[in-house]
Amino acid sequence: MLGACIGDIIGSVYEFQAWKSREFPLFSEKSEFTDDTVCTIAVAECLLDGTDPAAALRLWGRRYPGRGYGGNYAVWLKDANMGPYNSYGNGAAMRVSPAAWLGRSLEEALAFARQVTEVTHNHPEGIKGAEATVTAIWLARQGETPGHIRKRIQEAFGYDLSRSVDEIRPSYRFNEICQDTVPQAIVSALEADSFEGAIRNAISLGGDADTLAAIAGPIAEVLFGIPEEIRKRGWARLPKGMRDVLERLYEKAGG
């Protein structure tokens, strides 16, 4: 889960830059957490405490306003009476990694994913994006190889994961929907040989950089681990309340 936060922090600088290279500084003075991290922490807390996902998302979103929330989501945050709005935006996938850590089986992890996603992103493609992300992380936690994970995701969700990052990059453009973010982020992680490599792959596509990296990051975290220097620099950019939630999650789930 920390991999999602670090991916978000590193990608925050490149979100609207259409960056098409794997070469860039990982951190700068402008590197900071965005809505991806805020929502991920909210999801972790509600699953740890067994509380209402909508309430947790609103609580954390209001605690950290102005972090790049999407238009419909920003309205939803302010209106406690507003229900799900049939979204298939990639916010469904960027916040869902805690479900893969806390689910004791894949079935439970997927149930958690649906529970925390459908309060806003209840379109079938939104649910699918969340479930595919959780499946990739959960399978990695079971020690499955990138090749096996790729095969399972393609069979279960119908995503095309056949192209390499180098093949995707030239024609890829910024977008914020699950269908054109989740497969590319998963490929970025599965094709890598390190956590850093996965983050560089995701950002180099030139799209919604922080969210691509927030989806690839937790997969790569499990596959490769997070290097200590990267972990320290990401951790230092998170407020204590967020670090407390992360520590609780890892204490309960292991890792």
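Residues numbered from 1 in each chain as written. Predicted model: local features only at pLDDT ≥ 70, side-chain atom pairs only at ≥ 80, totals over all residues. Heavy atoms only, no water.

Caption draft 1: Spotlight on the overall build of the protein. Looking only at helices and strands, the protein features 15 helices and 0 strands. Overall size of the protein, expressed as C-alpha extent along the three principal axes, is 45 × 40 × 35 Å. Scored against the burial criterion, the 255 residues of the protein give a buried share of 58%. Partitioning the contacts of the protein with sequence separation of at least 6, the portion at a separation of at least 24 is 72%. Accessible surface, the protein: about 10300 Å² in total, of which carbon and sulfur atoms supply 48%. (Helix = DSSP H or I, 4+ residues; strand = E, 2+ residues; numbered from the N terminus. Buried < 20%, exposed > 50% of the residue type's maximum accessible area, 1.4 Å probe, protein only. Contact = heavy atoms within 4.5 Å. Areas by Shrake-Rupley, 256 points an atom, 1.4 Å probe, with all protein chains shown as cover.)

Caption draft 2: Expanded view of the packing of aromatic side chains. Following the criterion strictly, the structure yields 9 aromatic pairs and no others. On the numbers, 4.9 Å between centres and 55 degrees between planes, the contact of Tyr14 with Phe24 is tilted. Separated by 10 residues along the polypeptide, Tyr14 in the loop between α1 (2-11) and α2 (35-49) and Phe24 in the loop between α1 and α2 bring together distant segments of the chain. Summarising the burial analysis for this pair, Tyr14 and Phe24 share the class buried. For the pair Trp19 and Phe24, a centre-to-centre distance of 6.5 Å together with 90 degrees between the ring planes defines the contact as edge-to-face. On the basis of relative accessible area, Trp19 is assigned to the partly exposed category, the value being 29%. An aromatic cluster is defined as three or more aromatic residues linked by ring pairs; in this entry it consists of Tyr14, Trp19 and Phe24. Here the guanidinium or amino end of Arg67 rests over the ring plane of Phe33, the centre of that ring lying 4.0 Å away. (Phe/Tyr/Trp six-rings, centres within 6.5 Å; stacked < 30°, edge-to-face > 60°. Lys NZ or Arg CZ within 6 Å of the ring centre and 35° of its normal.)

Caption draft 3: The pattern of salt bridges, seen in detail. Scanning all chains against the criterion turns up 10 salt bridges. A salt bridge links Asp49 to Arg248; the nearest nitrogen and oxygen atoms lie 2.4 Å apart. Highlighted residues: Asp49 in helix α2 and Arg248 in helix α15 (residues 240-253), separated in sequence by 199 residues. Under the relative-accessibility criterion, Asp49 is labelled partly exposed at 40%. Using a relative accessible area of 34% as the deciding quantity, one classes Arg248 as partly exposed. (Salt bridge = Lys/Arg side-chain N within 4 Å of Asp/Glu carboxyl O.)

Caption draft 4: View of the environment of Arg141. For Arg141, the location among the structural elements is in helix α8 (residues 124-141). Linking Arg141 and Gly255, residues 114 residues apart in sequence, is a C-alpha distance of 9.9 Å. Those residues in contact with Arg141, other than ones at most four positions away along the chain, are Ala100, Trp101, Val222, Ala253 and Gly254. In this structure the side chain of Arg141 is engaged in a polar contact, spanning 3.2 Å, whose partner is the backbone oxygen of Ala253. (Polar contact = N/O pair within 3.5 Å; in protein donor to acceptor, adjacent residues only side chain to side chain.)

Caption draft 5: Helix α12 (residues 195-204), seen in detail. Among the 10 residues in α12, 9 count as buried, and that is most of the element. On its buried face, α12 sits against α1, α10 (165-168), α11 (182-190), α13 (209-224) and α14 (228-235). The positive-phi residue at the C-terminal boundary of α12 is Gly206, with phi of around 80 degrees.

Caption draft 6: Inspection of the state of the cysteines at higher detail. Evaluation of the coordinates by the stated rule reveals 0 disulfides. Distance from the sulfur of Cys39, which forms no disulfide, to the nearest cysteine sulfur (Cys5) is 11 Å. Unpaired in terms of disulfides, Cys178 finds its nearest cysteine sulfur in Cys39, a separation of 13 Å. For Cys178, a relative accessible area of 0% translates into the label buried. (Disulfide = S-S within 2.5 Å.)

Caption draft 7: Representation of the packing of helix α3 (residues 53-63) against helix α4 (residues 71-78). Where α3 meets α4, the closest approach of the two axes is 9 Å, and the angle between their N-to-C directions is 100 degrees. The angle between the axes of α3 and α4 places the two elements in the roughly perpendicular class. Each of Ala54, Leu57, Arg58, Gly61 and Arg62 in α3 lies in contact with α4, whose residues at this interface are Tyr73, Trp76, Leu77 and Lys78. Its residues assigned to classes, the contact of α3 with α4 shows 5 nonpolar, 1 polar and 3 charged. (Axes fitted to C-alpha atoms, helices over the stretch in contact; angles between N-to-C directions. Parallel < 35°, antiparallel > 145°, perpendicular 65-115°, else oblique. Nonpolar A, V, L, I, M, F, W, Y, C, P; charged D, E, K, R; others polar.)

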